[in-house]
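# Geometric and topological summary
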Amino acid sequence: MWAAVGCRNDKGRSVKERPFFFVLPAGATLRGNNPPAAGCPRCATALCGSGAPNRRGSPPSSRSCGRRHSRSGGGRSSRPTRENRNPREYMEEYNGDRTRRKESVGYREPKKIAVYSDTEVEVDPETGVEKPKRLEDKTVDVAKVVTNLPKKIVRNSVAFLFGGEMTITAEDSNDGICEFKKVYKRKLKMQSVLKEFARKVLSETKAAIVFYPVTKNDGKSQLKVKILSTPKDSNVECEFYPHFDEDDDMDGFLYKYNAEVNGRTCECVKIYTKDVIYSGIMDGVWQVKKIKNRFGKIPVVYAEVDCPDWEDVANLIDKKEMRLSRLSDTNDYFSEPILKTYGLANLPSKETVGKELNFSMEVDSDTGTSYHGDADYLAWQQSCESVTLELNQLDDAIHSGASSPDLSINKLMGLGNLSGTSRRFMLIDAEIKATEQMEIFGPVVQRTVAIVQAGMANITHTKYASQLNDNYIEVEFGSILPQDLAEELKNLETASQFNSKETIIKNSPYTDDVEAELNRKKNDEKETAQNNSLIGATF
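Per chain, residue numbering runs from 1 following the sequence as it is written. Side-chain atom pairs in this predicted model are given and counted only at pLDDT of 80 or more, local residue features only at pLDDT of at least 70, and totals for whole chains, interfaces and linings cover all residues. For the side-chain quantities, the full set of heavy atoms in the structure was used; hydrogens and water were omitted.

## Describing the sheet that holds strand β8 (residues 206–215)
Under the convention used in this document: For two strands to be treated as a pair, DSSP must find no fewer than two bridges joining them. Elements are defined by DSSP. Helices are runs of H or I of four residues or more, strands are runs of E of two residues or more, and each kind is numbered from the N terminus. Simply put, an axis is a line fit to the C-alpha atoms, just over the touching stretch for a helix, and the angle between two N-to-C directions goes from 0 to 180 degrees. Should any heavy atoms of two residues lie within 4.5 Å, those residues are considered in contact.
As summarised here, the arrangement of the three strands in space is β9-β8-β15, forming an open sheet in which the pairing is antiparallel. Either end of the sheet is taken by a strand with one partner, and the two such strands are β9 (221–228) and β15 (300–304). Pairwise comparison of adjacent strand axes, ignoring direction, gives a mean angle of 15 degrees for this sheet. Docked against the sheet, helix α4 (residues 190–204) engages β8, β9 and β15, running at close to 150 degrees with respect to β8.

In structure tokens:
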């Protein structure tokens, strides 16, 4: 059994540093980022507070329970904790922060420029020569150009995963399935939920979806859904850890957060199991409430990845942003025209119409030759070609390395009128990446379907329980790529010589309901046959 038993509340420690303790089965460990620090790291024997006895009754002297552990011991086990992962750092980088790596533009330091006086002089102690007096150095901020490439990479990945049309099919079409479609598609808006969930996982490396029932004023229950992820405010606590058994099935889930109780902020914990949900509130002492899990299964969907979606090209992004920042600094210094004048000249003001430069005529006293001043612009011998080449190569390497297509307007303008097959070949790398990521998000979709099925059958739509429990429901997402309708209809026309009418109607882009479309087609054929028979009888 999982049960909340205590919380160490050492003075001087922040809320984030106060681990929550609970009893776990023998051999159980937590999976997730930075799991609670108390207890043996190998078998998760709980250490219930400072100086408190552990589950075996002996006082804890260290993080270890004193047992020897082998890599292939018996009992239940879970996947190893993923080390060196900080979802908050990933989230901040996703939102524009650039301090996760020393090579990022966030670590560019301001430049110091030596300033010398135009009027004051000082004597050089080494040479005894007078020179302009050095004043306090001037600090100049440097450019820190930050692109939205991490967001763009994640956005493209999410679009290829869940951006297409969502279709729900079932083995038996009945009233229960119609209600399921209304709940899943309209009330819960699961396509939007899955998009947000994928965005959180790919940018923060972990997230969870929690389903729960609420009772309305009329006494009826309905399902609700929320996403657990890293909060934007670092002072807000939101920690969650799943637990997996030896068959890699989730048999427990812990959610720790803060909530207002009796006018003050308290630590709260929820522990989900298949049969029971424990709710704990730290209000001086832990108050634990135990309620039945009406879903009949853990109403949580959890997913994680090793690193954010842009991690493979993070160094290239740093290189591009650093190059753009230096280019911006250079342009700030040298892009404006600089006029060089030789001799004395009266420069016109910017309001002068018909501007001209006047140079006084001078006569050389030795030779008697007349001369005058002159002016021209200082030419900047910049190397734009090498910078342009470097930026273009970085763009190609970033999008290719992240398997994320560059869909900027400049790239799309020169494509012309391509067929649907040509477009797919151009974006095949992104589709390959999407199929790989569906290894993670495919089970996520299946689990959301199973949880909503269970919630409707056991809580909100019990009269459809038999129709929902004994039915196989599948949710699929179409392609985000635009369709070439003319090409598809031409292919269907050719295929009609070999395939049945039902197959052609099913694959038509204009078909919403295959069964209804077949019935309408039969009625049209009957009407046509009747009209033809009447015309023949008249003649």
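## Some details on the pairing of β15
Convention followed: Per-residue accessibility, obtained with a 1.4 Å probe over protein chains only, is compared with the maximum for each type, and a residue is labelled buried under 20%, exposed over 50%, and partly exposed between these values.
With five of its five residues buried, β15 lies for the most part within the structure. Burial along β15 is two-sided: Val300, Tyr302 and Glu304 facing one way and Val301 and Ala303 facing the other are all buried. As paired elements, β8 and β15 share five bridges and run antiparallel to each other. Bridge pairing in β15 links Lys206 to Glu304.

## Re the pattern of salt bridges
Here is the rule we go by: Whenever Lys or Arg places a side-chain nitrogen within 4 Å of a carboxyl oxygen from Asp or Glu, that contact is recorded as a salt bridge.
Counting across every chain of the model gives 20 salt bridges. Linking Asp329 and Arg108 is a salt bridge whose minimum nitrogen-to-oxygen distance equals 3.0 Å. In this pair, Asp329 is assigned in helix α5 (residues 314–334) and Arg108 in the loop between α1 (87–94) and β3 (111–113), connecting sequence segments 221 residues apart. No difference in accessibility class separates Asp329 from Arg108, as the two residues are buried. Note that Asp124 and Lys131 form a salt bridge whose closest N and O atoms lie 3.9 Å from each other.

## Here we look at unusual backbone geometry
In this structure, Thr205 takes a positive phi of about 80 degrees despite not being glycine. The topology assignment puts Thr205 in the loop between α4 and β8. With a relative accessible area of 0%, Thr205 lands in the buried category. Look at Ser403: it is not a glycine, yet its phi comes out positive at around 50 degrees. When you line up the elements, Ser403 lands in the loop between α6 (384–401) and α7 (409–413).

## Here we look at the side chain of Lys152
Structurally, Lys152 is set in helix α2 (residues 149–162). With residues up to four places along the chain from it excluded, the contact list for Lys152 reads His399, Ser404, Asp406 and Leu407.

## Concerning a nonpolar patch on the surface
Rule in force here: Excluding any residue in a salt bridge, patches collect residues exceeding 30% relative accessible area, merging like charges within 9 Å and nonpolar Val, Leu, Ile, Met, Phe, Trp and Tyr side chains within 5 Å. In this description, accessible areas are obtained by the Shrake-Rupley approach with a 1.4 Å probe, and a residue is regarded as covered only by the protein chains that are shown.
Together, Ile113, Tyr333, Phe334 and Trp380 line one region of the surface with nonpolar side chains, adding up to about 380 Å² of accessible area. By the secondary structure assignment, Tyr333 is in helix α5.

## Section: α6
This is how it is decided: The length a helix should cover is 1.5 Å for every residue beyond the first. This arc describes the spread of directions from the helix axis toward the C-beta atoms.
Compared with an ideal rise of 1.5 Å per residue, which puts 18 residues at 26 Å, α6 spans 25 Å between its outermost C-alpha atoms and is within 8% of the ideal. Residues Val387, Leu391, Leu394, Asp395, Ile398 and His399 constitute the buried set of α6. Along α6, the residues classed as buried sweep out an arc of 120 degrees about the axis, all on the same side. Summarising the geometry of α6, the exposed residues directed more than 90 degrees from the buried face are Glu385 and Leu389. Summarising the contacts, the buried residues of α6 are in contact with α2 and α5. Residue Ser403 follows α6 closely and has a positive phi angle near 50 degrees.

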